[in-house]
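# Observations on chain architecture
Spelled out from the first residue to the last, the chains are:
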Amino acid sequence: MEPQTPTSRRVLVAKPRGYCAGVDRAVVAVEKALEQYGAPVYVRKQIVHNTHVVKTLEAKGAIFVEETEEVPEGEIVVFSAHGVSPAVHSEAQQRKLRTIDATCPLVTKVHNEAKRFAGQDYGILLIGHEGHEEVEGTAGEAPEHIQLVDGLGSVDGIQVKDPEKLVWLSQTTLSVDETVETVARLKERFPTLIDPPSDDICYATQNRQVAVKEIAAQSQLVIVVGSENSSNSKRLVEVAKDHGAAASYLVDNATFIQDEWLDGVTTVGVTSGASVPEELVEQVLARLAQHGFGEVEEVESVRESMRFSLPHELRKDLRAS
Ligand code: 0JX
Ligand code: SF4
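Everything numeric here is computed off the predicted structure, so don't read it as measured data.

What follows concerns the packing of helix α1 (residues 21-37) against helix α10 (residues 312-320). At a closest axis distance of 11 Å, the pairing of α1 and α10 adopts a crossing angle of 40 degrees. Judged by the angle between their axes, α1 and α10 are oblique. α10 is crossed by α1, and the crossing has left-handed handedness. Where α1 approaches α10, its residues Ala-29, Lys-32, Ala-33, Gln-36 and Tyr-37 are matched on the opposing element by Glu-313, Leu-314, Asp-317 and Leu-318. Across the contact of α1 with α10, the residue classes tally to five nonpolar, one polar and three charged.

Here it is, written out as structure tokens:
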């Protein structure tokens, strides 16, 4: 028998998707810094975890470095949206660098919580992914009070000094559902563990997960646009698979799509991580259209209106010019 060719093929595009307020602010900060001070402008780590964004800014004159010591003395360095530890600020000061801190205000909020609880001598269980820059920055605020909980599997190994004085905090870009499970397991071990004063997983991470759940339930395949090192983008793939999509893949751009993924598929869901420019989603839609997925419907789950002003160091100079 001939394989059945689907007659009507459609795409459901999640909304919200793509850039969050913190990413927009960080990317615009580098662009404005380049305009204001001229190239080169140094950026410590990837400004956001997206290959296309980094390449585009490099082409405009940004130089990405891993550590502040690579930045020549007296030059300008931008700190990425994921935040940095106080030690990194001190290093930059020692090297007499001019810094622009593009840390997302919602990451700074978690840093402030960490400082406050550490100041009250709480033990802090920081749920997050080992080696992720955000976690390194937050943990650096109070290393002697903070220990990392990298998922459910690491809960049983946690040892604390005083189980009666314990709070959990988290990375901003985790899976909401998985974090709920991790916290439940932590509370089995430490029943007096207290919750953060407000959600650490940010609005954008949460909203993109709500939106992908909605399209995953109606799609056989969900394509998530995002780079390999983007935590929030990777979480969208997991959430899609857990909520009805038979398959889900992370693609950095449209060229990563493999034709066989589309075999027998009638509905494809598409979304993108918080660090992903919309043009990459448009290229994915164009590629799908070539395969007969001409009908495109946007499914809006949550309205977003968050915006952040540019880092104050930059605003000051922009105003003066
Ligand atoms: O890897 P993450 O999801 O934390 O970062 P990415 O992909 O750059 O997303 C936006 C920046 C998030 C900071 O919290
Ligand atoms: Fe800020 Fe959330 Fe965006 Fe991270 S994902 S930059 S915490 S708004």
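With that settled, consider the site of ligand 1. Neighbouring ligand 1 are 14 residues, the closest being His-49, Ser-230, Ser-231, Asn-232 and Ser-275. Between ligand 1 and Glu-134, the relevant distance is 3.3 Å, taken from an oxygen atom to a side-chain nitrogen or oxygen of the residue. Here Ser-231 contributes a backbone N or O atom positioned 2.7 Å from an oxygen atom of ligand 1. Look at ligand 1: alone it shows 370 Å² of surface, and the protein chains cover 96% of it. Residues belonging to the shell around ligand 1 are distributed by class as follows: three nonpolar, 10 polar and one charged.

Turning our attention to the UniProt feature "binding site: (2E)-4-hydroxy-3-methylbut-2-enyl diphosphate" (unreviewed entry) in the chain. Mapped onto the present numbering, the UniProt feature "binding site: (2E)-4-hydroxy-3-methylbut-2-enyl diphosphate" (unreviewed entry) falls at His-49, His-82, His-132, Thr-172, Ser-230, Ser-231, Asn-232 and Ser-275. With respect to the element layout, Thr-172 can be found in the loop between β8 (166-170) and α6 (176-189). Residue Thr-172 is classed as buried on the basis of its relative accessible area of 5%. The residues touching Thr-172, leaving out its near neighbours within four places in the chain, are Leu-106, Val-107, Val-110, Glu-134, Asp-200, Ile-201, Cys-202 and Thr-205. Here Asn-232 is to be found in helix α8 (residues 231-242). Classification of Asn-232 by relative accessible area gives buried; the value is 9%. Those residues within four positions of Asn-232 in sequence are excluded, and the remaining contacts are Thr-173, Thr-205, Gly-273, Ala-274 and Ser-275.

Our next topic: the sheet that holds strand β3 (residues 62-65). Spatially, β3-β2-β4-β5 is the arrangement adopted by the four strands of the open sheet, whose pairing is parallel. The sheet is open, and its two edges are formed by β3 and β5 (98-101), each paired on a single side. Here the strands of the sheet are splayed against their neighbours by 30 degrees on average, with no regard to which way each runs. Here four bridges tie strand β2 (residues 41-44) to β3, and the two strands are oriented parallel to one another.

Let's shift gears to the site of ligand 2. In the neighbourhood of ligand 2, the contacting residues comprise Cys-20, Gly-22, Cys-104, Leu-106, Val-107, Thr-172, Thr-173, Cys-202 and Tyr-203. Residues belonging to the shell around ligand 2 are distributed by class as follows: six nonpolar, three polar and no charged.

The rules behind each value
- Residues numbered from 1 in each chain as written.
- Chains lettered and ligands numbered in written order.
- Predicted model: local features only at pLDDT ≥ 70, side-chain atom pairs only at ≥ 80, totals over all residues.
- Heavy atoms only, no water.
- Axes fitted to C-alpha atoms, helices over the stretch in contact; angles between N-to-C directions.
- Helix = DSSP H or I, 4+ residues; strand = E, 2+ residues; numbered from the N terminus.
- Parallel < 35°, antiparallel > 145°, perpendicular 65-115°, else oblique.
- Left-handed = near helix turned anticlockwise from the far one by under 90°.
- Contact = heavy atoms within 4.5 Å.
- Nonpolar A, V, L, I, M, F, W, Y, C, P; charged D, E, K, R; others polar.
- Near = heavy atom within 4 Å.
- Polar contact = N/O pair within 3.5 Å; in protein donor to acceptor, adjacent residues only side chain to side chain.
- Areas by Shrake-Rupley, 256 points an atom, 1.4 Å probe, with all protein chains shown as cover.
- UniProt positions renumbered as here; feature names shortened; annotations may be inferred.
- Buried < 20%, exposed > 50% of the residue type's maximum accessible area, 1.4 Å probe, protein only.
- Pairing = 2+ DSSP bridges.

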